[in-house]
Amino acid sequence: MSESIQQLVLDTLNAQGSIADTRSLTIPGESVMILYETHEVISHVLTAEGAQIAHEGSHEARVWSVLPLKGQGEPVNPAQLKKEGRAFKNGWVGKEGAGFVKLVTEIKDVTQLDLKEIEQTGAPAAGEKTLADLRKRKLIVQKKGQWFTVKKGEKFSTSIAKPETDLTAEMLASGSWKTSTYKKYNFDAEGVPTSGGALHPLLKVREEIRNIFLEMGFAEMPTQSFVESGFWCFDALFVPQQHPARDLQDTFYLSDPSHSLPPKEDYYNLVKAVHTEGGYGSIGYRAPWQPEESSKLLLRTHTTASSAHMLYKLAAKCRGEDVDSDDREFTHGGAATSKANDNLAAKDDGFRPAKLFSIDRVFRNETMDATHLAEFHQVEGVVADRNLTLADLIGFMRVFFSKMGIEQVRFKPAYNPYTEPSLEIFAFHPMLNKWVEVGNSGMFRPEMLEPMGFPKDVRVHGWGLSLERPTMIRYGINNIRTLVGHKTSIENNENSPAVMF
Ligand code: PHE
C-alpha cells in the first residue's frame with residue numbers, strides 16, 4: 001500500500017470513525033487494501049463485440065434493419081449481408097427465393113437492451129439466465145471485485161510505527177525497549193517450505209523399473225554412449241544397410257566428427273560376410289555393402305546398440321579372448337539359475353549366462369506430437385543362456401510385466417531384423433478399456449549372435465519398451481510435452497509422488 005493510501009485511510013478513519021465501503025475512497029489507478037472485513041462483488045463487463053452490440057444493435061437487428069418487408073421490395077442477396085446472428089431463430093428474417101426479407105415490421109432487440117443495462121449497472125434485471133446466455137455468446141465477461149470494511153483498531157494512531165521484531169543491543173542500551181511495541185509471535189505460522197531437488201517423474205519410474213530388474217538378478221549395462229556407429233547400431237544387429245530406419249529421415253547422423261574408427265577387423269569381416277553372403281544357415285541379404293554406412297556416426301536409435309556391445313563382450317571368452325580390450329564393464333547376473341551351470345563341467349566353451357538391462361535415452365528423427373519426441377528413454381533387457389526357448393521369453397515377459405503391475409499381457413507376431421521370432425507385447429489398459437502396445441521383443445538371430453562367437457546352443461532373448469509410456473499412464477499425463485521440455489511444470493514435478501508398482 002502506498003503512503004498516500006495509508007494516509008487517506010488513516011485520515012478518513014480519524015474524521016469518520018469507520019469506513020463502511022472502501023470503494024468510496026477512490027484513488028485513481030490504485031485499489032484500497034485494508035484487511036479487516038472482505039466483501040466480494042461480482043459484476044459484468046462487455047467484451048468488444050458486446051460493446052458494439054450495445055451501441056449499434058445485435059447482428060440480427062442490424063441485418064433485419066436493412067431488409068425490405070416480405071413482398072414489398074427486392075429480397076437482398078445474403079452475400080451482401082453481415083452475419084445474421086439469431087435473425088432466423090427469432091423469426092425476424094425469412095428467405096424469399098435466394099434472398100432475405102424481413103418478416104415482421106417491428107422488433108425488440110433484447111440483446112442490445114440487456115447489454116446496455118449491463119454496461120450501465122453491471123448486471124441486468126433479467127438475472128442469471130440472461131447473464132449465462134450472454135457469457136456463452138462471449139458478449140460479456142464476469143469481473144470479480146473486492147471491497148473492505150475498515151474500522152479503527154485498538155492501537156489506532158494516525159502515524160505508522162512499525163512494531164519491533166527483534167530486541168537489539170541498541171534498544172537495551174538506550175532503554176527504548178521499555179516503550180517499544182513488539183510484534184507478537186505467530187505460533188500458527190507455517191514454516192518456510194524447504195527447498196530441495198526433486199526427481200523428475202521419468203526418473204522415479206526409472207528407479208522403480210531398475211529395482212524390478214535388480215530384484216530379478218539383472219546387471220545394469222553401461223549406456224553412456226549416446227553416439228554409436230552404424231556398425232554397432234545396425235550392422236552388428238543384422239539390420240540391412242538399405243533398411244529404411246537407417247535413412248536420414250529416421251536417424252540423426254553426426255556431421256563432426258562424422259565417422260568412427262574401424263571396429264575390430266575380424267568381427268567386422270564376419271558381420272559383413274553374413275550380410276552379403278550369409279552363413280550360419282542363413283543366405284544373408286546379398287545386397288551391396290558399403291564400409292561408409294558402417295562407420296557413419298549417429299545418435300543411437302535404440303539401446304539395443306548398447307546391448308550389442310555387451311553381448312559381443314559377453315562372447316569374448318567364447319572367441320578365445322582372455323582380456324577384452326573393450327572398455328565397457330558390466331557385472332554378471334543370473335548365473336545361479338542358469339541352465340548353463342548344469343553342464344558346465346561337461347564342456348567349458350567360455351560361455352557364461354547373463355541377464356542384462358539398461359534404461360537410457362535414444363534418439364529418432366520423429367515428427368513431434370502429443371506422444372512422440374525426438375528423444376525418449378528405452379527400457380531394455382537381454383537374457384543369454386543355453387537353449388532358451390520362445391516359451392522362456394513369453395514366461396519371462398509375464399513375470400516382468402506383472403511386477404510392473406500389468407497382469408494381462410498378449411503377444412503378437414512382429415518383425416525386427418535382429419530377432420526371429422519377434423513379438424509385440426500388448427497389455428490391457430483398464431482405464432482406457434483396451435489393449436495397448438507396451439513393448440517389442442524377440443529371440444536374437446543366429447546371424448547376429450554367431451559372428452560374435454556365441455556357441456550354437458546359446459540363445460539370447462531381448463525386449464524393449466519406452467519409459468515415457470508407463471510414466472504418462474502412471475501420472476495421468478496425456479501430452480508428452482507436459483512431461484519433458486520447457487512446458488514441464490516444476491511444481492508438478494516437485495509434488496508428484498514416488499511410484500510403486
Ligand atoms: N530395439 C527394439 C526397439 O527399439 C526393442 C527390442 C529389443 C526388440 C531387443 C527385440 C529385442 O523397439
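Please read all numbers here as calculations on a predicted model, not as lab measurements.

S.K.: Would you mind showing me how to read the overall build of the protein chain here?
M.R.: When you go through the protein chain residue by residue, the secondary structure sums to 15 helices and 14 strands. By residue count, 42% of the 501 residues in the protein chain fall in the buried class. Of the contacts formed within the protein chain by residues at least 6 apart in sequence, a portion of 68% connects residues at least 24 apart. When the accessible surface of the protein chain is summed, it comes to about 28,300 Å², and 53% of that surface belongs to carbon and sulfur atoms.

S.K.: Honestly, the site of the ligand in this entry has me stumped. Any pointers?
M.R.: In the vicinity of the ligand, 15 residues are found, and the nearest of them are His 302, Thr 304, Arg 364, Gln 378 and Tyr 418. Take Gln 378: an N or O atom from its side chain is 2.8 Å from an oxygen atom of the ligand. Asn 440 places a side-chain nitrogen or oxygen 3.3 Å from an oxygen atom of the ligand. The site holding the ligand turns out to be the largest pocket. Where the shell around the ligand is concerned, the elements lending two or more residues are strand S10 (375-386), strand S13 (434-444) and strand S14 (458-466). Examining the composition of the shell around the ligand, we find that 4 residues originate from one element, S13, more than from any other. For the shell around the ligand, the class distribution of residues is 3 nonpolar, 10 polar and 2 charged.

S.K.: How should the sheet that holds strand S5 (residues 140-151) be read in this particular structure?
M.R.: What links the strands of a sheet is backbone hydrogen bonding, and the strands pair in either a parallel or an antiparallel sense. Strand order in the open sheet made by the 3 strands is S1-S5-S2, with antiparallel pairing throughout. Edge strands, defined here as strands with exactly one partner in the open sheet, are strand S1 (18-19) and strand S2 (37-46). Strand direction decides the pairing type here: S2 and S5, joined by 10 bridges, are antiparallel. Bridging across to S5, Glu 37 finds its partner in Thr 149. Its contacts with the sheet put helix H5 (residues 128-136) on S2 and S5, and the angle it makes with S5 is roughly 125 degrees.

S.K.: What am I meant to see in the layout of surface pockets here?
M.R.: Over the atoms rolls a probe the size of a water molecule, and its path tells where empty space is left. By volume, the largest pocket amounts to about 1,400 Å³. Arg 364, Phe 376, Gln 378, Glu 437 and Ser 466 are the residues nearest the centre of the largest pocket, which is lined by 49 residues in total. Among the elements that line the lining of the largest pocket, the one with the most residues is S13, at 9 residues. Residues that form the lining of the largest pocket fall into these classes: 19 nonpolar, 21 polar and 9 charged.

About the cut-offs
- Once a new chain begins, its residue numbering starts again from 1 and follows that chain's sequence as written.
- At least 70 in pLDDT is required for a residue's local features to be given in this predicted model, at least 80 for side-chain atom pairs to be given and counted, and no such filter applies to totals for whole chains, interfaces and linings, which use all residues.
- Only hydrogens and water are set aside; all other atoms, that is, all heavy atoms of the structure, feed into the side-chain values.
- Runs of H or I in DSSP of at least four residues are treated as helices and runs of E of at least two as strands, each being numbered from the N terminus.
- Only protein chains enter the accessibility calculation, which uses a 1.4 Å probe; a residue whose area is less than 20% of its type maximum is buried, one above 50% is exposed, and one in between is partly exposed.
- By definition, residues are in contact when any of their heavy atoms lie within 4.5 Å.
- Only the protein chains shown count as cover for residues, and all accessible areas are computed by the Shrake-Rupley method using a 1.4 Å probe.
- Throughout, near means a residue has at least one heavy atom within 4 Å of the molecule or strand.
- Polar contacts, as used here, are pairs of N or O atoms within 3.5 Å; protein pairs need one atom able to donate a hydrogen and one able to accept it. Residues neighboring in sequence count only if both atoms are side-chain atoms.
- Definitions used throughout: a 1 Å grid over protein atoms alone; a cavity as a set of points that fits a 1.4 Å probe which cannot get out; a pocket as an open set with protein on both sides within 12 Å along at least five of seven lines; a lining residue as one with an atom within 4 Å of a point.
- In this description, a molecule resides in a pocket or cavity if more than half of its atoms sit within 2 Å of the grid points defining it.
- Amino acids outside the nonpolar list (Ala, Val, Leu, Ile, Met, Phe, Trp, Tyr, Cys, Pro) and the charged list (Asp, Glu, Lys, Arg) are all regarded as polar, and Gly is one of them.
- Each pair of strands is called paired provided DSSP finds at least two bridges between the two strands.
- Between N-to-C directions, angles cover 0 to 180 degrees, with each direction set by a line fitted to C-alpha atoms, over the stretch in contact for helices.
- Grid points are joined across faces, edges and corners, and a volume is the space filled by probe spheres set on the points.

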